[in-house]
Amino acid sequence: MWNIRQKIPEVVHTLKFQRERTTCISLPLQSKWLYVGTEKGNVHIVNIESFVVSGYIINWNKAIELSRKNHPGPVTCLVDNPVDSNKLLIGFETGLLVLWDLRTKAADVRWQSAEPLRSVCWLSDGKQFMSSHADGSLCTWSVKTPQRPVATQFPHAKTRENGQQEPCKAIQKVSWLSTRAGLLASLSPLAGWREEEESEPYVIFTGGLGHDTAGRTPSVTVMHGRTTTVLEMEHNVVDFIALVDTPYPSEFQDPYGIVVLLQNDLVVVDLTSPGYPCFENPYPMDLHGSTVTSCTYLADCPGDLVPALYSVGTAKQNRTGFSEKEWPITGGTWGTGGNSYPEVVITGHADGSVKFWDATAVSFQVLYKLKVSRVLERQRRSQDGDTEDQLAVQQVVLCPESRQLAVAGASYVIHFRFSRNEKNAEVPCLEIPIVYETYGDSDRDPPSGDPAVTVRPADSIAGVNGKKAELSLPVRCRSGPIRRPPGFHPELVCITPAVNGEPPGVISSVAVNSAYGLLAYGNESGLVIVDTVQRTCLLNLGTPDLYGPADPYQRAPRSPKQRAEEADLGRSPDSEQINGLCLSPTAGKQGGVGSVSPRGRDVQRSRSQERLDTQQTASRSSSLSSLENISSEAIVCLQFADTFVNKSESSTCPCLLVGTSLGSTLIVQVALPRSADRTTQAVSVAPTGSIFRLNGAMQCIALLDCSGARIPAAAETWRDGNKERTRTPSRPTVSSCGSLSEAGGGDGQLLVLVSDKQARVLATPSHSCLCKLQITETSFVVRAEIISLKDSVCLVCYLANGRLNSYSLPSLRPLMEVEFLPLSDLSFQTTKSAIADPMLAIWGQQMFVNEDATQMARTFCISNHGHGLYLCSPSEIQKFTISSEFCTQLQDMVGELFLACDMPELPQQGFLKGLFGGGVRSLDREELFGETSGKASRSVAKLLTGPTAQAEQLQARVSSTGGDVGRARQAMIERGQKLSKLEDRTEQLMADADNFSSTAHQLMMRYKDKKWYQL
């Protein structure tokens, strides 16, 4: 039993039946006695106020008596007679129906249907009821004719050519609702139909469709008069209930709507409008319509972002087909408080959709929906038959100032720009394979050419035995112009193709910068930097090539059988979408201008993109340890920033900070042309050789100024497409270089590096370590973010052992360390079935493989103001905060679920109806089920209390224990007093004994020498 009269609902009581499993429950109107049916065919009565089982029980053998020889099966339905609460209709799974008299404790009438029973519903007159069965039939029964049903029909059965009816699915639930003008028609609702359909009762049920019809979807059927309407639903139907004007079942219901609870949604149907349209749902119920694969949380975003998303979202929605009436369900009240800053949550889904939610209030409100499938199409079906995984969204990065969006899947990245205008245009596409190969012999040079960069004609790229490498695309960009409605427009698509059938590595990190006009992403093999203005690839390097000659690791060779040949580097978005290569220079020394290159032109390629030698490669020495023998190094963190390239620099330059899975942070310098020449001159990018190393995989990178405030990334302000776009970056300098603010040329920035083991604060450009922190040794950091909280900056880390820690910056002093959420609670997202094993409690996070922890980290977000959220179940997102100031306002923000309302008075029954006994007859259930019925056996059910009751019981137990201790103390005091009195009496007796002895001795001495005659 739940208590919804408080802001946060809680379980008050839980009653567990020991020997039976409950199958159905029924609570009559304005009653505190709950009927509970079990799988053994018995009916128990429970007091919902105390959750105590009554001694009154309806045993299955008493219910059937001699009507049948075998067990009737589990109880499937329990329904009170609407006009006589003394009569309880009990339905068993085998089709037996029993009308039980509660006072006499005997069965009045029994009915037996030929098919298994699913549900039962009374008509408001209490003389007839309707039952639904497993064969798709509806039967009408009368209390006065128990031998056979009054009418039987198959609403959706069709007659075959041989004269037989096709089999139908079971009708799971039926509801028979009368109307005020339908009293006469209700006597035979399935046999004779009145001409006036408005006077006919409603028959509403779910299921019953034919088995042979392919493609049948879940449905709800409405039968009214001669009209039968089938309402198809998008998801499986869990339950439904009709909306009526009166709560009393003995009155005419006059239904005006149907509330249908689906597996992934809630639908309300309007029965008063022609065609039975649905009400427009004001609340988003489709969070898990497709599996949530990623979450992005933006707190304190620009104030005009939410209205902009809402405007294009509402304009995009097709509102035709909905009822014109208002949402009929009312209840509860909103909270009085609210945030002063807007919040946006972005969820990526397995079907390739991206949804934007307004999270400013307590409840989520959907703002805008984006579908990747409008830009990409699936190339082939996956091996397991699931086509959603090809377009599943893995990462979403939004620049709130410029409204530029990057959506990344396993093998694609799409760059979007926000626009209020609609247009049709073709989306350019770049095919960029990211492949790194090492050569078996460490003493052997790579193929001819520069060790870092090799220039080679595109047609000369060959594989083993002179065969050209084969490229295959997991997804393909749609060709031709694409209609772009107002909202986010696709500007560029980057696809990572498979080389020689080997799937590409999953894209592990994405970053976009509107001021630079650059997009960067990486996977387990290397890094790609794309110019979103000129739509060319600037850099495509394997991760080891980013180190240059300063690579600290020994790379493990790969077998030539795995990947024997390399593919083209990138494909240009020419007008015909042909196989052309496009690349700009990748090294600072060569500094040429990159452009779209047609087939046959020279293309610059790095060492990681050269083909393998055709001969067998020699294996490395087996003496190398596993730590030295590195097979792959993924790009896990990317951050654009204006910073110092090396120690000798005295000014900042646009750079890309690259974090890897081995704990290295590399700096890639970006040389931007002047703003006037941005569209014509190429951008030059090159690794600088600066390396910072930490233990563990990198989690986040940030820059602080000398005062400890975070330096935001450069960004341009959004302008509408039909207006002139001007760059207004948040930083004062977005050109190739910026002068240091301090006159002395000293350290002007603080670089914060966080891995899943350590955190470090460095002063730049001197690269001296100011603070260092070992976050954990036995566990690892699942998610770490540097956030702004109350005019300061702090580091918040969520660890795999369930702890949530925060540290001050730049001093890295602990601010908070609390037990928060065990990683095992998020194990429903994992793809490994062994994670859910009970041994997880013993081995902890060791059973989680890296890819599973990465998937969980994608749905765990921490944002500014100390707010965060995570996917606590496949259908729920849980928000949390570490801000104590916000917690004080939380109670005002949470609304009330329960809204008290007055119960309408029961309509007065007519004189003749009361005279002839046709009115409603009440029942004193307290007299039947109360103390006079006795107590149920303790073995029937066990009471499991909820948190509130447990606290009350604990308090009562403490009070009882305190009373017992007090009574024991008082008894001890009284016992001490009695012992003291006993001791006093003992001393008095001893004194009396001494006096008696002395007196006796004196008397003896007095009469010692006297004769008897002298006495």
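Calculation rules
- Along each chain, residues carry numbers from 1 onward, in the same order as the chain's sequence is written.
- Local features in this predicted model are restricted to residues of pLDDT 70 or higher, and side-chain atom pairs are both shown and tallied only at a pLDDT of 80 or more, whereas totals for entire chains, interfaces and linings draw on every residue.
- For side-chain calculations, the full set of non-hydrogen atoms in the structure is used, while hydrogens and water are omitted.
- DSSP-based pairing: two strands are paired if at least 2 bridges between them are found.
- Only runs of H or I of at least four residues qualify as helices and only runs of E of at least two qualify as strands under DSSP, and these elements are numbered from the N terminus.
- In this description, a line fitted to the C-alpha atoms serves as the axis of each element, helices being fitted only across the stretch in contact, and the angle between N-to-C directions of two axes falls anywhere from 0 to 180 degrees.
- By the convention used here, residues are in contact when the closest approach between their heavy atoms is within 4.5 Å.
- Counted as a polar contact is a pair of N or O atoms within 3.5 Å, where, for protein atoms, one must be capable of donating a hydrogen and the other of accepting one, and residues adjacent in sequence contribute only when both atoms are in side chains.
- Summary of the metric used: pLDDT quantifies the predictor's per-residue confidence within the range 0 to 100.
- Here's how the labels work: a residue is buried when its accessible area is under 20% of the maximum for its type, exposed when over 50%, partly exposed in between, all with a 1.4 Å probe on protein chains only.
- Nonpolar cores were defined as sets of buried Ala, Val, Leu, Ile, Met, Phe, Trp, Tyr and Cys residues, with membership established by side-chain atoms within 4.5 Å.
- Here a salt bridge means any side-chain nitrogen of Lys or Arg lying within 4 Å of a carboxyl oxygen belonging to Asp or Glu.

1. A closer look at the sheet that holds strand β20 (residues 237–243)
In any sheet, the strands associate via hydrogen bonds between backbone groups, in a parallel or an antiparallel arrangement.
So, point 1. In spatial order, the strands read β20-β21-β22; together these three strands make up an open sheet with antiparallel pairing. Since the sheet does not close on itself, it has two edges, and those belong to β20 and β22 (266–270), each with one partner. The sheet shows a mean angle of 20 degrees between the axes of neighbouring strands, taken without regard to direction.
So, point 2. The pairing of strand β21 (residues 257–262) with β22 spans five bridges and is antiparallel. Note that in β22 the partner of Gly-257 across the bridge is Asp-270.

2. Things to note about the environment of Thr-360
So, point 1. Looking at the secondary structure, you find Thr-360 in the loop between β25 (353–358) and β26 (365–371).
So, point 2. Taking the C-alpha atoms as reference points, Thr-360 and Ser-340, separated by 20 residues in sequence, lie 8.5 Å from one another.
So, point 3. Leave out the neighbours within four places in its chain, and Thr-360 touches Asn-339, Tyr-341, Pro-342, Glu-343 and Met-893.
So, point 4. Here the side chain of Thr-360 touches Glu-343 through a polar contact of 3.1 Å, landing on its backbone nitrogen.
So, point 5. Engagement of the side chain of Thr-360 in a polar contact is seen with the side chain of Asp-358, the distance being 2.7 Å.

3. A short note on the confidence of the model for the protein chain
So, point 1. Mean pLDDT over the protein chain stands at 79; residues scoring 70 or higher make up 77%.
So, point 2. Segment residues 183–196: pLDDT under 50, and 22 contacts once partners within four positions in sequence are set aside and those in other chains are kept.
So, point 3. When the criterion is pLDDT under 50, residues 559–628 qualifies, and its contacts beyond four places in sequence or with other chains add up to 203 contacts.

4. Here we look at the sheet that holds strand β40 (residues 518–522)
So, point 1. Strand order across the open sheet formed by four strands is β39-β40-β41-β42, with antiparallel pairing between neighbours. Of all strands in the sheet, those with a lone pairing partner are β39 (509–513) and β42 (536–542), marking the two edges. Taking the axes of each pair of neighbouring strands and ignoring which way they run, one obtains an average angle of 10 degrees across the sheet.

5. Describing the pairing of β40
So, point 1. Of all five residues in β40, five are buried, a share of seventy percent or more.
So, point 2. Side chains Leu-518, Ala-520 and Gly-522 project from β40 onto one buried face, and the interleaved Leu-519 and Tyr-521 project onto a second face that is buried too.
So, point 3. In this sheet, β40 lies alongside β39 in antiparallel orientation, the contact comprising five bridges. Residue pairing in the sheet places Ala-511 in a bridge with Ala-520 of β40.

6. Brief notes about the nonpolar core
So, point 1. Ranked by internal contacts, the top residues of the largest apolar core, which has 37 residues, are Phe-356, Leu-376, Leu-405, Phe-488 and Val-493.
So, point 2. Sorting elements by how many residues they give to this core places helix α2 (residues 305–316) first, with five residues.
So, point 3. Setting aside chain neighbours within four positions, we find Phe-488 in contact with Leu-309, Phe-356, Tyr-368, Leu-370, Leu-398, Arg-403, Leu-405, Phe-416, Arg-417 and Phe-418.
So, point 4. Leu-518, Leu-539, Ile-635 and Leu-672 belong to the second-largest nonpolar core, a separate cluster that totals 25 residues.

7. A look at the pattern of salt bridges
So, point 1. As enumerated under the stated definition, the model contains 20 salt bridges in all.
So, point 2. We note a salt bridge from Lys-87 to Asp-108, for which the minimum N-O separation is 2.3 Å. In this pair, Lys-87 sits in strand β9 (residues 87–92) while Asp-108 sits in strand β11 (residues 106–112), placing the two residues 21 residues apart along the sequence.
So, point 3. Judged by relative accessible area, Asp-108 falls into the partly exposed class, the value being 40%.
So, point 4. The residue Arg-783 makes a salt bridge to Glu-785 at a minimum N-O spacing of 3.2 Å.
So, point 5. The class of Arg-783 is buried, set by a relative accessible area of 19%.

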